[in-house]
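# Remarks on the overall topology
The chain contents come next:
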Amino acid sequence: MTSIDLNADLGEGFGRWRLTDDEQLLSVVTSANVACGFHAGDAATMRRVCELAAERGVRIGAQVSYRDLAGFGRRAMDVPPAELAAEVAYQIGALEVFARAAGARVAYVKPHGALYNRVVHDEEQATAVVDGVLLADAALSVLGLPGSRLLELAGKAGLPVVTEAFADRAYTDAGTLVPRILEGAVVTDPDAVVERSVSLARSGEVVSHTGTRIEVRARSLCLHGDTPGAVDLARRVRERLAACGVRVEAFA
């Protein structure tokens, strides 16, 4: 039977402000990308999400970012490699404290926003992220875009690599994500997102923004938690996958 992991970005709040419905999404997904305080999240939020994830058997991942709370980690930055490696390790370590306190552990690392897109092509920044992961824990898996420099370098460094796809993001013909600043970068039609999820899980294919069918082989499927109706959409995706014979299970 075909299987796939469902991951979502969680803990993306700060203080009294909350962006994602963490509790409800944790009843659907199998892996949680937890914000570690650099683009969103704070100590109390990280602790709460780790406790909820551990209770539900959801794998905990560190979603590391550039230090950019004001821009939600989506602004391009030039961070010296040594500094970026240290900040990646710092974020992982902070989350690990709360994961262990909840009786779990950090199982993987996924970059967020501008950093995620940067390490698809930028060898220097990708190397810095890999160095940061190795500094924190050389057994951690790295979750990222198929064909990215990040996954290539992580694999060469001996880190387990996991490919992911996005049902609610538009793809270029080259298999990269269409930048959010462009119209149509986010797929908003719930029915389209559900069907794209099934296609990605079963055939490893998706239709690009030009209408071309491209290959995107992925072990994990990302469901964004900050979109309207995210919980209901996540449930629909999981139910549809099950109805099509796809087993939903964590990769880590």
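Heads up: these notes are all about the structure in this document. This structure is a prediction, so every number in the text was calculated from the model and none was measured. (Residues numbered from 1 in each chain as written. Predicted model: local features only at pLDDT ≥ 70, side-chain atom pairs only at ≥ 80, totals over all residues. Heavy atoms only, no water.)

As a further point, take the packing of aromatic side chains. Applying the stated rule across the entire model yields three aromatic pairs. Ring geometry for Phe 38 against Tyr 90: centres 6.0 Å apart, planes inclined by 45 degrees, an arrangement best described as tilted. Here Phe 38 is found in the loop between strand E2 (31-35) and helix H2 (43-56), whereas its partner Tyr 90 is found in helix H3 (residues 81-101), with 52 residues between them in sequence. You can call Phe 38 buried: its relative accessible area is 4%. Each ring, one from Tyr 116 and one from Phe 166, has its centre 5.7 Å from the other, and the planes form 90 degrees; the classification is edge-to-face. Linking Tyr 116 in helix H4 (residues 113-121) with Phe 166 in strand E6 (residues 161-166), this pair joins segments that are 50 residues apart in sequence. In terms of burial, Tyr 116 and Phe 166 fall into one category: buried. (Phe/Tyr/Trp six-rings, centres within 6.5 Å; stacked < 30°, edge-to-face > 60°. Helix = DSSP H or I, 4+ residues; strand = E, 2+ residues; numbered from the N terminus. Buried < 20%, exposed > 50% of the residue type's maximum accessible area, 1.4 Å probe, protein only.)

On the surface, a nonpolar cluster with roughly 370 Å² of combined accessible area is contributed by Phe 14, Trp 17, Leu 19 and Leu 69. Within the secondary structure, Leu 69 sits in the loop between strand E3 (59-64) and H3. (Patch = residues over 30% accessible without salt bridge, like charges linked within 9 Å, V, L, I, M, F, W, Y side chains within 5 Å. Areas by Shrake-Rupley, 256 points an atom, 1.4 Å probe, with all protein chains shown as cover. Salt bridge = Lys/Arg side-chain N within 4 Å of Asp/Glu carboxyl O.)

One way to put it is that H3 packs onto helix H5 (residues 123-136) with a least axis distance of 7 Å and a crossing angle of 40 degrees. Taken together, the axes of H3 and H5 are oblique relative to one another. You can see that H3 and H5 cross each other, and the crossing is right-handed. Seen from H3, the contacting residues are Pro 81, Leu 84, Ala 85, Val 88, Ala 89 and Ile 92; seen from H5, they are Glu 124, Gln 125, Ala 128, Val 129, Asp 131, Gly 132, Val 133, Leu 135 and Ala 136. Considered class by class, the residues forming the contact of H3 with H5 number eleven nonpolar, two polar and two charged. (Axes fitted to C-alpha atoms, helices over the stretch in contact; angles between N-to-C directions. Parallel < 35°, antiparallel > 145°, perpendicular 65-115°, else oblique. Left-handed = near helix turned anticlockwise from the far one by under 90°. Contact = heavy atoms within 4.5 Å. Nonpolar A, V, L, I, M, F, W, Y, C, P; charged D, E, K, R; others polar.)

Right, let's get into the pairing of strand E5 (residues 141-144). Here E5 shows a buried face lined by Ser 141 and Leu 143 and a second buried face lined by Val 142 and Gly 144. Inspection of the sheet shows strand E4 (residues 106-111) paired to E5 by two bridges, in the parallel sense. Within E5, the position partnered with Tyr 108 by the bridge is Ser 141. In terms of strand pairing, E5 meets E6 through three bridges, oriented parallel. Bridge pairing in E6 places Val 142 opposite Val 161. Once you follow E5 into helix H6 (residues 149-156) and on to E6, the crossover reads as right-handed. (Pairing = 2+ DSSP bridges. Right-handed = clockwise from strand over helix to strand, strands pointing away.)

With that settled, consider the nonpolar core. Ranked by size, the top nonpolar core spans 73 residues in total, and within it Leu 26, Ile 92, Leu 95, Val 133, Val 237 and Leu 241 carry the most contacts. Residues Ala 107, Leu 143, Val 162 and Phe 251 belong to the second largest nonpolar core, which totals five residues. (Core = buried A, V, L, I, M, F, W, Y, C linked by side-chain atoms within 4.5 Å.)

This next bit is on the pairing of E4. When you tally the buried positions in E4, you get six out of six residues, the bulk of the element. Pairing of E3 with E4 involves five bridges; the strand directions are parallel. Across the sheet, residue Gln 63 finds its bridge partner in E4, namely Lys 110.

This part is about the packing of H5 against H6. Where H5 contacts H6, the axes come no closer than 9 Å and their chain directions differ by 45 degrees. Between H5 and H6, the interaxial angle falls into the category oblique. The chirality of how H5 crosses H6 is right-handed. Taken together, the residues of H6 that come into contact with H5 (itself represented by Glu 123, Ala 126, Thr 127, Val 129 and Val 130) are Arg 149, Leu 150, Leu 153 and Ala 154. Grouping the constituent residues of the contact of H5 with H6 by class yields six nonpolar, one polar and two charged.

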